[in-house]
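Understanding the architecture of this molecule
Listed here are the chains, written in short residue letters.
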Amino acid sequence: TSTRDKNIRMELEKQFKNKISLKEFEVVNTSSSNVAGNFFGSQKGFNVKEASESLKVCVVKMDRLDMEFDMVGYDPAIANALRRILLSDIPSMAIEKVHMYQNTSIMQDEVLAHRLGLLPLTADPCLFSYPPADWSPESGTAKDTLDFSLTIKCTSSSDPTKQYNNDHVLTKHMEWVPRGDQEKWMGTTDPGCADKDILINKLRPGHEMEIKMFAVKGTGRDHAKFSPVATAFYRMLPSITITKPVVGEAAVRLQNCFSPGVIELQEGPGGSKQAVVVNERIDSCSRNIYRYEDLRECVTLEKVKDHFIFTVESVGSNRPDDLVSMAW
């Protein structure tokens, strides 16, 4: 009996150390260790073999721009360091200088230049070098500068189906002007924006724009326009445990307390519907369960301390898995 009680106590202690508890008005057990897998009072030293077995990275889903992967067994400091490196230290190309020869639109020159600087370019930054401290569009070379031009004028339309011509200035109107032999070694015919329908400005008859833009390589530490990710964030894996059977009308209320797809109603004893956890991963941790006195004691809400769900969205210059590899 003493051995069984000791095992139960050790298991409860392990769960307490590994999970954050979500109460009605507070979040408890939030303290973390300095080294993943070790806890306060533990005398266990660091073992490389054990660490290699417990630390895991698993890609859940990925496409050209978005990626979701799990980091299991890592300390929060590692996950946060990866996030900060993705935001601040991975280079990308962005418009740095704008020469405006004509802008008769209602948008001020400095506001327009700021919008142009934030456009996400698809040029591979690995092919370019950082510009020198005294860089200027005139002194730039093919290895550190990309040139773009934008020339457009709005006129009244003779087509009865539309009122104006060129009233919306989009990224498709930007033209790349290769410098030197860039077109040969870059491997692309368009290092501009991947999405050609990004709105830059709105014009009316008589308005025109004639602009030249110069893009260079930089990092988000210098300016947010150089950040290669639209978003990079992580969250802890939710853990939902139903401690008492919930059936009938209460099961329906319990299901509505969580995000769609987290709780499912299955056939229970006597043919009644019983609430079952099927996908706790997608829960938003709203804690709506505490609104009901009869349900709050039936469910335990927690988050796993060392299981991070990481989401990365690239702006288009690199695939998200390449960005994570560079940040790692």
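Structural data are supplied above this passage.
A separate point is the overall build of the chain. Looking only at helices and strands, the chain features seven helices and 16 strands. Along the first, second and third principal axes, the C-alpha set of the chain runs to 85 × 55 × 35 Å. Long-range pairs, those at least 24 residues apart, make up 74% of the contacts in the chain with a sequence separation of at least 6. Just so you have it, the chain exposes about 18,600 Å², and 51% of that area is on carbon and sulfur atoms.

Right, let's get into the packing of aromatic side chains. Under the defined criterion, the tally for this structure stands at five aromatic pairs. With centroids separated by 5.5 Å and ring planes inclined at 85 degrees, the aromatic side chains of Tyr 234 and Phe 308 adopt a geometry described as edge-to-face. One end of the pair, Tyr 234, is in strand E13 (residues 229-242); the other, Phe 308, is in strand E16 (residues 299-314), and 74 residues separate them in sequence. Note on Tyr 234: relative accessible area 26%, which makes it partly exposed. You can call Phe 308 buried: its relative accessible area is 0%. Cluster of aromatic residues (ring-pair linked, three or more members): Phe 69, Tyr 234, Phe 308 and Phe 310. Directly above the ring of Tyr 130 sits Lys 217, whose terminal nitrogen or CZ lies 4.6 Å from the centroid. Its end group placed over the ring of Tyr 292, Arg 253 keeps NZ or CZ at 5.0 Å from the ring centre.

In this section: the pairing of strand E6 (residues 146-153). E6 sits mainly inside the fold: six of its eight residues count as buried. In the sheet, E6 pairs with strand E12 (residues 208-218) via eight bridges, with the strands oriented antiparallel. Looking at E12, one finds that Ile 152 is bridged to Met 209. In this structure, E6 lies alongside strand E10 (residues 175-176), joined through two bridges in antiparallel fashion. Along E10, the bridge assignment pairs Ser 149 with Glu 175.

Moving on, we come to the side chain of Thr 219. Considering the arrangement of structural elements, one finds Thr 219 in the loop between E12 and E13. Setting aside residues no more than four positions away along its own chain, Thr 219 makes contact with Ser 88, Asp 89, Ile 90, Pro 91, Tyr 130 and Phe 226.

For the rest of this paragraph, the subject is helix H6 (residues 249-256). Among all positions in H6, only Ala 250, Ala 251, Arg 253 and Leu 254 are buried. Angular distribution of buried residues about the axis of H6 spans 160 degrees; they occupy a single face of the element. Counted as exposed and oriented over 90 degrees from the buried face of H6: Glu 249 and Asn 256.

In this section: helix H4 (residues 109-117). Along H4, the residues classified as buried are Leu 112, Leu 116 and Gly 117. The arc that holds every buried residue of H4, seen down its axis, measures 140 degrees, which confines them to one face.

Before going further, it helps to spend a moment on a nonpolar patch on the surface. Residues Val 57, Ile 78 and Trp 328 make up a contiguous nonpolar surface patch of about 310 Å² in total accessible area. Along the chain, the position of Ile 78 falls in helix H3 (residues 76-88). Judged by relative accessible area, Ile 78 falls into the partly exposed class, the value being 42%.

What follows covers the sheet that holds E12. Pairing in this open sheet of four strands is antiparallel, and the strands run E5-E12-E6-E10 from one edge to the other. The open sheet has two edge strands with one neighbour each: strand E5 (92-103) and E10. In the packing of H4 onto the sheet, contacts are made with E5 and E12, and the angle to E5 comes to roughly 150 degrees.

Consecutive residues of a regular strand have side chains that alternate between opposite faces of the sheet. Most of strand E4 (residues 66-72) sits out of view: five of its seven residues are buried. Between strand E3 (residues 56-62) and E4, which pair antiparallel one after the other, the connecting turn spans three residues. Where E4 lies against E16, seven bridges are found, and the strand directions are antiparallel. Bridging from a neighbouring strand, Met 71 pairs with Phe 308 of E16.

Take the pattern of salt bridges next. Tallying each qualifying case throughout the model produces 12 salt bridges. A salt bridge links Asp 190 to Lys 196, with the shortest nitrogen-to-oxygen separation between them at 2.5 Å. With relative accessibility at 31%, the residue Asp 190 sits in the partly exposed group. Note that Asp 321 is salt-bridged to Arg 319, the shortest N-O span being 3.4 Å. Several salt bridges share partner residues, and in doing so they unite Glu 24, Glu 293 and Arg 296 into one network.

Turning next to the environment of Ile 211. Inspection of the secondary structure puts Ile 211 in strand E12. Of the residues examined, Ile 211 reaches a relative accessible area of 1% and is grouped as buried. Put simply, Ile 211 and Met 100 are 111 residues apart on the chain and 4.6 Å apart in space, counted from C-alpha to C-alpha. Filtering out sequence-adjacent residues up to four positions away, Ile 211 remains in contact with Val 98, His 99, Met 100, Gln 102, Leu 112, Leu 116, Phe 148, Ser 149 and Leu 150.

Definitions and cut-offs
Residues numbered from 1 in each chain as written. Predicted model: local features only at pLDDT ≥ 70, side-chain atom pairs only at ≥ 80, totals over all residues. Heavy atoms only, no water. Helix = DSSP H or I, 4+ residues; strand = E, 2+ residues; numbered from the N terminus. Contact = heavy atoms within 4.5 Å. Areas by Shrake-Rupley, 256 points an atom, 1.4 Å probe, with all protein chains shown as cover. Phe/Tyr/Trp six-rings, centres within 6.5 Å; stacked < 30°, edge-to-face > 60°. Buried < 20%, exposed > 50% of the residue type's maximum accessible area, 1.4 Å probe, protein only. Lys NZ or Arg CZ within 6 Å of the ring centre and 35° of its normal. Pairing = 2+ DSSP bridges. Arc of directions from axis to C-beta. Patch = residues over 30% accessible without salt bridge, like charges linked within 9 Å, V, L, I, M, F, W, Y side chains within 5 Å. Salt bridge = Lys/Arg side-chain N within 4 Å of Asp/Glu carboxyl O. Axes fitted to C-alpha atoms, helices over the stretch in contact; angles between N-to-C directions.

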